[in-house]
Amino acid sequence: MDSLSVTLAVIALLIGAVADLLYRVAQQRGIEAPNFIFWQSTVFTAIIWTVAVVSWFAFGFDGPVGPVRGVAWLYGLPAGVCGYLGLTLFVASLRTGDASVNAPIFRLNFVITALGAMILLGESANLLKIGGILLAILAVLVLLNITQITAIRSDMRSILFALAASGFFGVAGLVAKAGLDTGEIGAVPIVLTQTVGFQQAAIITLMRRRNFSITRTVFNFAPGIAVLQVTWAVLLFESLRIGDASISYPIVQMSFVITAILAVVFLREEMNWSKGGGLVLAIIAVVALGLAG
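Here the structure is a predicted model, which means the values were calculated and not measured. Think of each chain on its own: its residues are numbered from 1, step by step along the sequence as written. Given that the model is predicted, a residue must reach a pLDDT of at least 70 before its local features are reported, and side-chain atom pairs must reach 80 or more before they are shown or counted; all residues, however, enter totals for whole chains, interfaces and linings. Just so you know, side-chain values use all the structure's heavy atoms and leave hydrogens and water out.

Draft legend 1. Structural view of the overall build of the chain. Counting secondary structure elements, the chain contains 13 helices and zero strands. Strands are runs of DSSP state E lasting at least 2 residues, helices are runs of H or I lasting at least 4, and numbering of each runs from the N terminus. When its helices and strands are written in sequence order, the chain yields α-α-α-α-α-α-α-α-α-α-α-α-α. Between the two quantities, the radius of gyration covers C-alpha atoms and the globule rule is 2.2 Å times the number of residues to the power 0.38. Relative to a compact globule of 293 residues, whose C-alpha radius of gyration would be 19 Å, the chain shows 18 Å and is just as compact. With respect to the principal axes defined by its C-alpha atoms, the chain has extents near 55 × 50 × 30 Å. Partitioning the contacts of the chain with sequence separation of at least 6, the portion at a separation of at least 24 is 88%. The Shrake-Rupley method, run with a 1.4 Å probe, gives the accessible areas here. Residue values count only the displayed protein chains as cover. Total accessible area computed for the chain in this model is approximately 12,400 Å², and 69% of it derives from carbon and sulfur atoms. Mean positive and mean negative side-chain charge positions of the chain (16 and 13 charges, respectively) differ by 12 Å. Contacts were defined at the residue level, with two residues in contact if any of their heavy atoms lie within 4.5 Å. Working convention for charge: Lys and Arg count positive, Asp and Glu count negative, and His plus the chain ends are omitted. Working definition for charges: the position is that of NZ of Lys, CZ of Arg, CG of Asp or CD of Glu.

As structure tokens, then:
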């Protein structure tokens, strides 16, 4: 595997961790998930399409962005809808759940993408790769301390939201990787078409709720998170384009390691043996996956 792919995945990991923490802070200040996600995705869409249009005018379709072919729409639209459902459920889960717990659950979506890539897309499997994935799963289970969580009735709805979010996001990653594997599109075109599917789902949801208001919290946090998410998405899909999804995706989704540390340091969330053990296992998993290529 190209070392560049691993490097891009690690940078995306760090950016994703900061975005997850900011989601938690925004939730603590009171937001409605669909409303917040709509405005965040609006800024996201405006940024990525502006960059694309400027690139097309400056360099043509042979420039760094490249053309948006039909295959990009075929894979990007459903990936965008799944991504919207996953992200909305994740943000909603943070309303009553700890970021140091729900972020790892959400990032478990790499299991679906990684296994799907090996089984459905024909990616190779080796001991380091399989071992890294198993270590990552073990890290999440240890970090969650399921016995303790299931004893807290008020947390269960939050946990279920996070699990559902993980499933949708995992499918989104697998669909996007399948599109990139065609060799007909680059990272930015698949992100561009995903924004259309994502934005359509966001608009439909908000029309049903009839709440397009921009609160102070939305104004303060949505644009910044959108910038982080644009950077995260481009880095992730470029890493997927040049490398294996069964390596890049698990590395990127291990961002909960940094999120958990930041949540303990800045949000004063509790640190215990299960969180500490899970973080250590996650770090080992990232190293193993980085060497798997």
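Draft legend 2. Geometry of the packing of helix α2 (residues 33-59) against helix α9 (residues 187-209). In this analysis, axes come from line fits to C-alpha atoms, helices being fitted only over the stretch in contact, and the angle between any two N-to-C directions falls in the range 0 to 180 degrees. Where α2 contacts α9, the axes come no closer than 9 Å and their chain directions differ by 150°. Viewed along their axes, α2 and α9 adopt a mutual orientation that is roughly antiparallel. For α2 against α9, the interelement crossing comes out left-handed. Mapping the contact onto sequence places P34, N35, I37, F38, S41, T42, F44, T45, I48, W49, A52 and W56 in α2 and V188, V191, L192, T195, V196, F198, Q199, A202, I203, T205, L206 and R209 in α9. Only Asp, Glu, Lys and Arg are considered charged, only Ala, Val, Leu, Ile, Met, Phe, Trp, Tyr, Cys and Pro nonpolar, and every remaining residue, Gly among them, polar. By residue class, the composition of the contact of α2 with α9 is 16 nonpolar, seven polar and one charged. Roughly parallel here means an angle under 35 degrees, roughly antiparallel means over 145, roughly perpendicular means 65 to 115, and every remaining angle is called oblique. Each crossing gets its handedness from the near helix: less than a right angle anticlockwise from the far helix is left-handed, clockwise is right-handed.

Draft legend 3. Inspection of the packing of aromatic side chains at higher detail. Aromatic rings from Phe, Tyr and Trp, with only the six-membered ring used for Trp, were paired whenever their centres fell within 6.5 Å, and each pair was classed as stacked if the ring planes differed by under 30 degrees, edge-to-face if by over 60, and tilted otherwise. All told, the structure shown has 10 aromatic pairs when counted by the stated rule. When the centroid spacing of 4.8 Å and the interplanar angle of 75° are considered together, the rings of F38 and W39 count as edge-to-face. Considering the side-chain rings of F38 and F212, the 5.4 Å spacing of their centres and the 90° angle between planes classify their relative orientation as edge-to-face. Separated by 174 residues along the polypeptide, F38 in helix α2 and F212 in the loop between α9 and α10 (216-242) bring together distant segments of the chain.

Draft legend 4. Representation of a nonpolar patch on the surface within the structure. On the surface, L128, I283, V287 and L291 cluster together into a nonpolar patch covering about 380 Å² of accessible area. Element by element, the count of residues in the nonpolar patch is highest for helix α13 (residues 273-291), at three residues. If you trace the backbone, L128 turns up in helix α6 (residues 127-144). The class for L128 is partly exposed, based on a relative accessible area of 41%. Here, patches come from residues exposed beyond 30% relative accessible area and free of salt bridges, joined within 9 Å for like charges and within 5 Å for nonpolar side chains (Val, Leu, Ile, Met, Phe, Trp, Tyr). Here, a salt bridge means any Lys or Arg side-chain nitrogen found within 4 Å of an Asp or Glu carboxyl oxygen. Relative accessibility under 20% of the residue-type maximum defines a buried residue, over 50% an exposed one, and the middle range a partly exposed one, all with a 1.4 Å probe and only protein chains included.

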